[in-house]
Amino acid sequence: MNIAALEEQLALLPIAQYTFFRTDELVFSERVRTICEQECPRFGTSWACPPAVGSVAQCRETCLSYPDGLLIATLTEVEDIADMAQTLATRPAHEAVTRKVAELLRAQGLDVYPLSADSCASCEECTYLSAPCRHPRQMFPCVESHGIVVTVLAEKYGIDCQYGGNIVTWFSLLLYRE
Ligand code: SF4
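Residues numbered from 1 in each chain as written. Predicted model: local features only at pLDDT ≥ 70, side-chain atom pairs only at ≥ 80, totals over all residues.

Attention shifts here to the overall build of the chain. For the chain, the helix and strand inventory stands at six helices and four strands. Each helix and strand of the chain, ordered N terminal to C terminal, gives the series α-β-α-α-β-α-α-β-α-β. In summary, the chain has a C-alpha radius of gyration of 16 Å against a globular reference of 16 Å for 178 residues, a match within 12%. Over its C-alpha atoms, taken along the principal directions, the chain stretches across nearly 45 × 40 × 30 Å. Buried positions account for 31% of the 178 residues belonging to the chain. Summarising the internal contacts of the chain: among those between residues at least 6 apart in sequence, 77% fall at separations of at least 24. (Helix = DSSP H or I, 4+ residues; strand = E, 2+ residues; numbered from the N terminus. Rg over C-alpha atoms; globule rule 2.2 N^0.38 Å. Buried ≥ 20, exposed ≤ 12 C-beta atoms within 10 Å, placed from the backbone. Contact = placed C-beta atoms within 7 Å.)

Another point: the nonpolar core. Leu71, Ile72, Val101, Val143, Phe171, Leu173 and Leu174 are the most contacted members of the largest nonpolar core, which totals 36 residues. At the level of secondary structure, the elements contributing two or more residues to this core comprise helix H2 (30-39), helix H3 (56-64), strand E2 (68-77), helix H5 (91-107), strand E3 (111-115), helix H6 (150-156) and strand E4 (167-177). Element by element, the count of residues in this core is highest for E4, at six residues. Not counting residues up to four positions away in its chain, the partners in contact with Leu174 are Gly69, Leu70, Val101, Ala102, Leu105, Val112 and Pro114. (Core = buried A, V, L, I, M, F, W, Y, C linked by C-beta atoms within 7 Å.)

Residues in contact with the ligand amount to 14 residues; listed here are only the nearest, Trp47, Cys120, Cys123, Cys126 and Cys133. Across the shell around the ligand, the residue classes break down as eight nonpolar, five polar and one charged. (Near = placed C-beta within 6 Å. Nonpolar A, V, L, I, M, F, W, Y, C, P; charged D, E, K, R; others polar.)

On to the sheet that holds strand E1 (residues 17-22), then. An order of E1-E2-E4-E3 is seen for the four strands of this open sheet, with the pairing classed as antiparallel. Looking along the sheet, the strands with just one partner apiece sit at the ends: E1 and E3. Neighbour-to-neighbour, the strand axes of the sheet open up by a mean angle of 20 degrees, direction not taken into account. As judged from the six bridges shared by E1 and E2, these two strands associate in the antiparallel manner. Within the sheet, the bridge partner assigned to Thr19 lies in E2 and is Leu71. (Pairing = 2+ DSSP bridges. Axes fitted to C-alpha atoms, helices over the stretch in contact; angles between N-to-C directions.)

So, about the environment of Pro14. Here Pro14 is to be found in the loop between helix H1 (3-10) and E1. Given 12 C-beta atoms within 10 Å, Pro14 falls into the exposed group. Distance from Pro14 to Ala93, taken between C-alpha atoms, is 9.3 Å for residues 79 residues apart in sequence. Non-local contacts of Pro14, meaning those with residues more than four positions away in its chain, are made with Thr74 and Val97.

Those residues of H3 lying buried are Val56, Cys59 and Cys63. Buried positions in H3, seen along its axis, are confined to an arc of 60 degrees and lie on one side of it. Away from the buried face of H3 by more than 90 degrees, exposed residues Ala57, Gln58 and Glu61 are located. On its buried side, H3 packs onto H2 and E4. (Arc of directions from axis to C-beta.)

What follows concerns H2. For H2, every residue scored as buried is listed here: Val32, Arg33 and Cys36. Along the long axis of H2, the arc covered by the buried residues comes to 100 degrees, so they all point the same way. Residues of H2 that are exposed and point more than 90 degrees away from the buried face comprise Glu30, Arg31, Thr34, Gln38 and Glu39.

Here you go:
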């Protein structure tokens, strides 16, 4: 991979911080999956979420089959971060950046496995269980769906997780292999 060329392209995107990492640095936790199951309304409603993505052990195996990764973080200021509608409205822009970075990596001939923020919202209604995913190449499972504790990785590389105030922070992990 031509990292210098990629970094020039990343500099043109609205990415607040990024870091390259090795996937064997990722921390996986069943606890994250439990939170999905008990607290997320998308659990069991999307191809991008558990249980469709497989067990945490299966997700870990998939992730480790891509030895390298790129973490990106985007920031958006909203009027009131406690307003979930405002917070979620910032997500499409983050998804667009994630999609662009995936394209940049693929343009370098890499096989890319992107994980993004929150559940897939590409379709008005997910086809989960009634038909296969309509857009498997566009569909990014969320980082947490794979049981990944992204804050551990972010903190290891000095990536800020909480800016405070009304700043919404989204993370994506783009795993890749030659
Ligand atoms: S692309 Fe559509 S069908 Fe596929 S996971 Fe996303 S919402 Fe569901």
